[in-house]
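For reference, the chains in residue letters:
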Amino acid sequence: PEVNFQNRQKKAFEFEIVSNKEFLLNDPPKDHNPFRPHRLQFYAIIFVEKGEGHHFIDFKRYPYKEGSIIFVAKDQVHAFERNVDRAASLLLFTENFLERSSLGSNLMHHLTLYNYQLYVPVVQLPDQASINIISTLVKRIEAEFIAPDDFATEEIIQSALKILLCMAERVRKSNIIISPSSL
């Protein structure tokens with residue numbers, strides 16, 4: 001099935017952050033089974049804080065472990081693996097959410113993170129320091145999301161999300177290896 005962005009928290013903007021345990025076990029989606037293939041009509045980031053396993057994207061199996069960031073692009077088919085040992089944060093958003101910021105941005109057009117034709121959708125953070133930085137950003141985004149809305153809530157979440165995306169892009173680009181046979 002096709003899954004549209006659902007504003008479960010009734011925010012004025014198209015963004016949600018939720019733990020995988022909350023999303024998959026305590027309050028699962030009513031319109032689809034997240035453990036079966038489904039097509040997203042929005043973007044998702046899954047930041048793995050603990051555990052290891054596999055995530056399925058476009059019918060391929062991708063391994064993850066602590067410090068992995070999984071990117072699922074709009075129109076991709078994905079499915080969760082049943083894994084009670086995984087602790088992860090799911091950041092769900094539309095392209096419109098990032099683009100409509102007063103800072104203005106066409107960031108999504110410059111990122112390779114969602115270019116699933118050329119790159120694998122999993123970025124592995126290289127060390128504990130990097131994991132801590134991303135973890136702190138995710139916690140800041142979550143704190144801002146659950147706090148009462150005010151004039152700056154959306155902008156702060158957009159800005160922190162852009163920082164997270166740029167940092168992940170930096171890691172991806174520093175880990176790209178071009179072999180002589182591919183030239």
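Structure's up top.
Residues numbered from 1 in each chain as written. Predicted model: local features only at pLDDT ≥ 70, side-chain atom pairs only at ≥ 80, totals over all residues. Heavy atoms only, no water.

Undergrad: Can you tell me about the overall build of the chain, naming the residues and giving the values?
TA: A count of helical and extended segments in the chain gives four helices and 10 strands. Ordered by position in the sequence, the α and β elements of the chain form the string β-β-α-β-β-β-β-β-β-β-α-β-α-α. The C-alpha radius of gyration computed for the chain amounts to 16 Å, which stays within 12% of the reference 16 Å derived for 183 residues, consistent with globular compactness. By principal-axis analysis of the C-alpha atoms, the chain measures approximately 55 × 35 × 30 Å. Residues classed as buried in the chain amount to 48% of the 183 residues present. Within the chain, counting contacts between residues at least 6 apart in sequence, those at least 24 apart form 74% of the total. Summed over its atoms, the accessible surface of the chain is roughly 9700 Å², and 54% of this surface lies on carbon and sulfur atoms. Here the chain carries 21 positive and 23 negative side-chain charges, and the mean point of each set is 4 Å from the other. (Helix = DSSP H or I, 4+ residues; strand = E, 2+ residues; numbered from the N terminus. Rg over C-alpha atoms; globule rule 2.2 N^0.38 Å. Buried < 20%, exposed > 50% of the residue type's maximum accessible area, 1.4 Å probe, protein only. Contact = heavy atoms within 4.5 Å. Areas by Shrake-Rupley, 256 points an atom, 1.4 Å probe, with all protein chains shown as cover. Lys, Arg positive; Asp, Glu negative; His and termini not counted. Charge placed at Lys NZ, Arg CZ, Asp CG, Glu CD.)

Undergrad: Outline helix H3 (residues 128-146), listing residues and values.
TA: If you check H3, its first and last C-alpha atoms are 27 Å apart, about what 19 residues at 1.5 Å a residue would give, namely 27 Å. Taken as a whole, H3 has its buried residues at Ser130, Ile131, Ile134, Ser135, Leu137, Val138, Ile141, Glu144 and Phe145. Residues of H3 that are buried sit in contact with strand S2 (15-19), strand S4 (43-50), strand S7 (68-72), strand S9 (87-93) and helix H4 (153-174). (Expected span 1.5 Å × (residues − 1).)

Undergrad: I'd like to hear about the packing of aromatic side chains, residue by residue, with values.
TA: Counted according to the given criterion, the structure contains six aromatic pairs. An angle of 35° between the planes, with centres 5.8 Å apart, marks the rings of phenylalanine 13 and phenylalanine 97 as tilted. Of this pair, phenylalanine 13 sits in the loop between strand S1 (2-3) and S2 while phenylalanine 97 sits in helix H2 (residues 95-99), and the two are 84 residues apart along the sequence. Exposure class is identical for phenylalanine 13 and phenylalanine 97. Each is buried. On the basis of an interplanar angle of 55° and a centroid distance of 6.4 Å, the ring pair of phenylalanine 23 and phenylalanine 80 is categorised as tilted. (Phe/Tyr/Trp six-rings, centres within 6.5 Å; stacked < 30°, edge-to-face > 60°.)

Undergrad: Explain the environment of threonine 136 to me, and be specific about the residues and the numbers.
TA: Tracing the chain through its elements places threonine 136 in helix H3. Its relative accessible area of 54% is what places threonine 136 among the exposed residues. Along the sequence, threonine 136 and tyrosine 116 sit 20 residues apart, while their C-alpha atoms lie 27 Å from each other. Within the structure, the side chain of threonine 136 is placed 2.8 Å from the backbone oxygen of asparagine 132, a separation counted as a polar contact. (Polar contact = N/O pair within 3.5 Å; in protein donor to acceptor, adjacent residues only side chain to side chain.)

Undergrad: An account of the sheet that holds S1 is requested, with residue identities and associated values reported.
TA: Across the sheet, which stays open at both edges, the five strands sit in the order S1-S3-S8-S5-S6 with mixed pairing between neighbours. The open sheet terminates on both sides in strands that have one partner only, identified here as S1 and strand S6 (60-64). As paired elements, strand S3 (residues 38-40) and strand S8 (residues 77-79) share two bridges and run antiparallel to each other. Opposite histidine 38, over in S8, you have histidine 78 as the bridge partner. (Pairing = 2+ DSSP bridges.)

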